[in-house]
Amino acid sequence: MKKFLKLYSTEVVFAFVSLLFIILTGTEILRPMNITAIFLQNSYIFILATGMAICMTSKENIDISIGSFVCFICAMGGVFMAVTKLSTPVSIILLFILGILWGLLSGYLIAYLKIPAWVTTLSGYLAFRGLGVALINTFSSTGSIVGINESFLKLFSGKIFASNIDSFGPGSLMFCLILAILGILYKFYSLRKEGSRINRSVMIGCILAFIVMSLIGVSFGLTGGVPVSFVWMFIVVAITAIWIERSAEGRRLIMLGANPENARIAGVNVRKAMLMTYVFMAVCATLTGCIVLARFHASSSYAGVNFEMDTIAACAVGGVSLYGGKQKIFKAILGAALIGIINLGLSLIGVDMNWQWIIKGIIIVISVSFDMYLKKDRYE
Amino acid sequence: MKNRTLKTSCLIVMIMILLSGLSGCKRKDPNVKVIGISAPSNDIQRWAVETVQMKERLQEKGYEVIVQYASSDISMQISQIENLIAKDADVLIVIPVEAASLGEAMDMAIEHKIPVISYDMLITNTDAVSYYTTFDNYKVGSIQGQYVKERLDLDRAGRTYNIEFTAGDPGDNNAGFFYNGAVDVLKPYLDSGVLRIQSGQDSFGKCATPSWNTEKAQQRAENILASYYNDQDVDIWLASNDTTALGVSSALAISYKGKYPIITGQDCTLINVRNILDGKQAMSVFKDPAMLIDATVKMVDEIISGQPVTVNDTKTYFNGIKIVPSYLCEPIYVDKDNCIEILTSCGFYTIDQLK
């Protein structure tokens, strides 16, 4: 029993909190439109938590600049597309160049100059919020820049396999089932490469994944299509998981996470690996910025507020900082889904905003304490 | 063995939970119409009070009302509007945190064919807005101009009067309406020379006050007083609202020795109403929130019952995509003689507050 809980503590917390909100909302949270909302409204947490899970691999690494950086990217996107009238592809390329530059700068300061991560990224947190708001105020007198390219909006927001909301769109279900099957095949393939057997718990996991994905597909089909942000989220998670498990760099990161000293002795360039994680985090934040810009249809100074907090919370309940293994990405995703369910559930119940924060705080501290309690012997 | 049982039972429970999602179909009683209200924050007193009053009024009429506050966060407001739609709202009343950024939530309202009423702040950058209820902002300015005209009887003035303007926030869509409303009434007298702007600052851009900020209005007034009114009187100071009027009256108190001018205002902020009673401000335009709530509730009724919706303006409010049919409520003015009666009889202030 304890062994099971220890292995699957995040899953247990997830199931418990989900059940709690299913009861509290009177199963309302399970309506197709609300299942869709979990992904539509919280795609930013999923993408950022993936980046953050990589970033937080090794001790004392964290990036709290991401929310402000999202605001900055939104502002720059507005400047590129609405003010200077650049084309969509050029704007996107420029935005990602900005993202990579910030990743290199912060990563260099942290990994090479040994400036503590929270100091460096706190500076980013302050500076990018200021910069973003200043940019928007410079180019607009109304607090937002409007006139974002239509093709940009199509690429980062809206639905694919769009169907009428009054009927069922089979395309969405097919799409999700294909994703599920690809995911399961990849899992089998990687197990085979490692020479492990496909045991019962793997089978159960695969069946569950398949059921979950088909339910998500049905929900999307009933609510007018697959949200584009869900597709981006899936791409980020898939690429990250494959990159971490398959590439040499990814393996170095896992080693670094498990034990930095051993990694150094084994010849891993720790500083370079650390730099890479910040670049990756910044790229995730840039993508999030694009998605938020498209969701707002305008550059707003309100973009990205508290994103870093939801992301770190997702990683915390996902137990990211407690692991050094490769399950981390999955755990971070589960953590992100959990925060998404809490956000949606509290909104559906109609809890006052201030109480939403209080309840969120309590759920996070309980779930992390539960996790720590179970793993106590392992870490002492 | 025990472990396996546990796993299997967990699996079964999870599958059952997930499957029940499929059965989550429409749950509401089709006879009860749902009205969703999305407001920026309940920390802002005005929205807190007005949304609660609106909710009570709608509930009396038999609607189910859901109010959500976004704590001044646009992402949160977008999600909340989406969730209101998911709760099968039949009509949405939205006060945007930021006018142009409700993007995907408005797209979803269009997709679900849900009418959106923009309450007092016009939602821009989308064609999802069905109606707009607000006060007649042009009229606010006209009333200020008219007040000045009548107080000084400009048609039969035997002398010239000096006037200065202090306008509102260039970022606020309504500030231009206030300014133009006032200037349009006074234009003939400015042209004929009955009114003279000594500072020469005679356009909205020159008179604007960023963010309606009191200190900025005061700074500008002090500069004008120092440069132009050392040896002559300023007779009228047309301020677009109360926060800027407050800045002007503070500047006058510090750096002006001449005859006290007529100062206009808007909103009946408590401190300004006290100034009116003390003679430091001549008037303020009063926009009774009860009127706006009445108009909005009536509009909801008309939409739900399928009647034609009463609007009284179909050409003024362009939101960047379309002209939004609007219902404009009539503002009135209060001055020293009538302010206590008007403001206390509708419950806007109590007698004690004004003493």
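Not measured: the values here are computed from a predicted model. (Residues numbered from 1 in each chain as written. Chains lettered and ligands numbered in written order. Predicted model: local features only at pLDDT ≥ 70, side-chain atom pairs only at ≥ 80, totals over all residues. Heavy atoms only, no water.)

Turning next to the overall build of chain B. A tally of regular secondary structure across chain B gives 13 helices and 12 strands. Oriented by its inertia axes, the alpha-carbon framework of chain B measures out at about 100 × 50 × 45 Å. Classification of the 355 residues of chain B by burial places 53% in the buried group. Contacts in chain B between residues at least 24 apart in sequence constitute 71% of all its contacts with a sequence separation of at least 6. For chain B, the accessible surface area stands at approximately 15300 Å², while carbon and sulfur atoms represent 52% of it. Once the 33 positive and 44 negative side-chain charges of chain B are each reduced to a mean point, those two points are 4 Å apart. (Helix = DSSP H or I, 4+ residues; strand = E, 2+ residues; numbered from the N terminus. Buried < 20%, exposed > 50% of the residue type's maximum accessible area, 1.4 Å probe, protein only. Contact = heavy atoms within 4.5 Å. Areas by Shrake-Rupley, 256 points an atom, 1.4 Å probe, with all protein chains shown as cover. Lys, Arg positive; Asp, Glu negative; His and termini not counted. Charge placed at Lys NZ, Arg CZ, Asp CG, Glu CD.)

So, about the interface of chain B and chain A. In this complex, chain B contributes 50 residues to the contact, which on the side of chain A involves 48 residues. Both sides of the chain B and chain A interface together cover about 4300 Å² of buried area, and 60% of this is carbon and sulfur. Connecting chain B to chain A are 4 salt bridges. With its nearest N and O atoms 2.9 Å apart, the salt bridge here joins R295(A) to E104(B). The interface formed by chain B and chain A includes 16 residue pairs in polar contact (both at pLDDT 80 or more). Among the secondary structure elements, those contributing two or more residues to the side of chain B that touches chain A are α1 (2-22), β2 (64-69), α3 (74-86) and α4 (103-111) of chain B. Examining the composition of the side of chain B that touches chain A, we find that 14 residues originate from one element, α1(B), more than from any other. Of the residues assigned to the side of chain B that touches chain A, the class counts are 21 nonpolar, 17 polar and 12 charged. (Buried area = accessible area lost by both parts, 1.4 Å probe. Salt bridge = Lys/Arg side-chain N within 4 Å of Asp/Glu carboxyl O. Polar contact = N/O pair within 3.5 Å; in protein donor to acceptor, adjacent residues only side chain to side chain. Nonpolar A, V, L, I, M, F, W, Y, C, P; charged D, E, K, R; others polar.)

This next bit is on a nonpolar patch on the surface. Residue and element names in this part refer to chain A. A contiguous nonpolar surface patch, about 430 Å² in accessible area, is contributed by I93, I97, I100, L101 and L104. Along the polypeptide, I100 turns up in helix α5 (residues 88-111). Residue class for I100 comes out partly exposed when judged on its relative accessible area of 36%. (Patch = residues over 30% accessible without salt bridge, like charges linked within 9 Å, V, L, I, M, F, W, Y side chains within 5 Å.)

A few words now on the environment of I66(B). Residues and elements named next belong to chain B. Mapped onto the secondary structure, I66 falls in strand β2. Residue classification places I66 among the buried positions, given a relative accessible area of 13%. Along the primary structure I66 and G36 are separated by 30 residues, whereas in three dimensions their C-alpha atoms are 4.9 Å apart.

Attention now goes to the packing of aromatic side chains. The final tally for this structure, using the stated rule, is 25 aromatic pairs over all chains. With centroids separated by 5.1 Å and ring planes inclined at 70°, the aromatic side chains of Y147(B) and Y333(B) adopt a geometry described as edge-to-face. Separated by 186 residues along the polypeptide, Y147(B) in helix α5 (residues 137-152) and Y333(B) in strand β12 (residues 332-335) bring together distant segments of the chain. Classification of Y147(B) as buried rests on a relative accessible area of 6%. Among the aromatic residues, those joined into a cluster by ring pairs are F39(A), F46(A), F220(A), F230(A) and F234(A). (Phe/Tyr/Trp six-rings, centres within 6.5 Å; stacked < 30°, edge-to-face > 60°.)

Residue and element names in this part refer to chain B. Where burial is concerned, the two faces of strand β10 (residues 283-286) agree: the one with M283 and V285 and the one with S284 and F286 are both buried. Examined bridge by bridge, β10 and β12 share 4 bridges and lie antiparallel to one another. What sits directly across from V285, in β12, is Y333. (Pairing = 2+ DSSP bridges.)

To continue, consider the domain arrangement of chain B. How big an interface is tends to be reported as the loss of accessible area on association of its parts. Residues and elements named next belong to chain B. For chain B, the domain assignment lists domain 1 (34-135 + 288-329) and domain 2 (137-287). For domain 1 and domain 2, the distance between their C-alpha centroids amounts to 33 Å. At the interface, 9 residues of domain 1 touch 6 residues of domain 2. Of the roughly 620 Å² buried between domain 1 and domain 2, counting both surfaces, carbon and sulfur atoms make up 53%. Considering only the surface of domain 1 that becomes buried against domain 2, F135, D288 and Y317 emerge as the three largest contributors, covering 66% of it. In terms of residue count, strand β5 (residues 129-135) provides more of the side of domain 1 that touches domain 2 than any other element does, 3 residues in total. (Domains from an automatic or database assignment.)

Our next topic: the pattern of salt bridges. Counting across every chain of the model gives 18 salt bridges over all chains. Note that D202(B) and K206(B) form a salt bridge whose closest N and O atoms lie 3.6 Å from each other. Exposure remark for D202(B): the relative accessible area of 47% places this residue in the partly exposed category. By relative accessible area, which is 47% here, K206(B) ends up partly exposed. One connected set of salt bridges, linked through shared partners, spans R295(A), E82(B) and E104(B).

Before going further, it helps to spend a moment on the packing of helix α15 (residues 328-349) of chain A against helix α16 (residues 353-374) of chain A. Residues and elements named next belong to chain A. Remark: α15 packs on α16, axes separated minimally by 11 Å, with the N-to-C direction vectors making an angle of 145°. Both α15 and α16 take part in a crossing whose hand is right-handed. Each of I339, I342, N343, L346 and S347 in α15 lies in contact with α16, whose residues at this interface are Q356, I359, K360, I363 and I364. The class makeup of the residues in the contact of α15 with α16 is 6 nonpolar, 3 polar and 1 charged. (Axes fitted to C-alpha atoms, helices over the stretch in contact; angles between N-to-C directions. Left-handed = near helix turned anticlockwise from the far one by under 90°.)

Right, let's talk about the sheet that holds strand β8 (residues 236-239) of chain B for a bit. Residue and element names in this part refer to chain B. Pairing in this open sheet of 4 strands is parallel, and the strands run β7-β6-β8-β9 from one edge to the other. What marks the edges here is a single partner per strand, and that holds for β7 (195-196) and β9 (262-263). In the sheet, strand β6 (residues 161-166) pairs with β7 via 2 bridges, with the strands oriented parallel. The residue bridging Y161 from the neighbouring strand is L195, located in β7. Strand contacts of helix α6 (residues 173-192): β6, β7 and β8, with the helix running at about 160° to β6, the strand carrying the most contacts.

A separate point is the sheet that holds strand β3 (residues 91-94) of chain B. All names here are of chain B. Sheet architecture is open: 6 strands sit in the order β2-β1-β3-β4-β5-β11, paired in parallel fashion. Strand pairing shows two members of the sheet lacking a second neighbour, β2 and β11 (326-329), which therefore form its edges. Strand-to-strand, the axes of this sheet are offset by a mean angle of 15°, without reference to chain direction. Relative to β11, β5 runs parallel, the two being bridged by 4 bridges. Opposite T133, over in β11, you have Y327 as the bridge partner.

Judged by nonpolar contacts, the single largest core of 140 residues is most densely connected at F152(A), F230(A) and L92(B). Residue contributions to this core peak at 16 residues, all from helix α13 (residues 270-296) of chain A. Those residues in contact with F152(A) that sit more than four places away from it in its chain are M81(A), T88(A), I92(A), C290(A), L293(A) and A294(A). With 29 residues, the next largest nonpolar core counts A175(B), V194(B), I197(B) and W212(B) among its residues. (Core = buried A, V, L, I, M, F, W, Y, C linked by side-chain atoms within 4.5 Å.)

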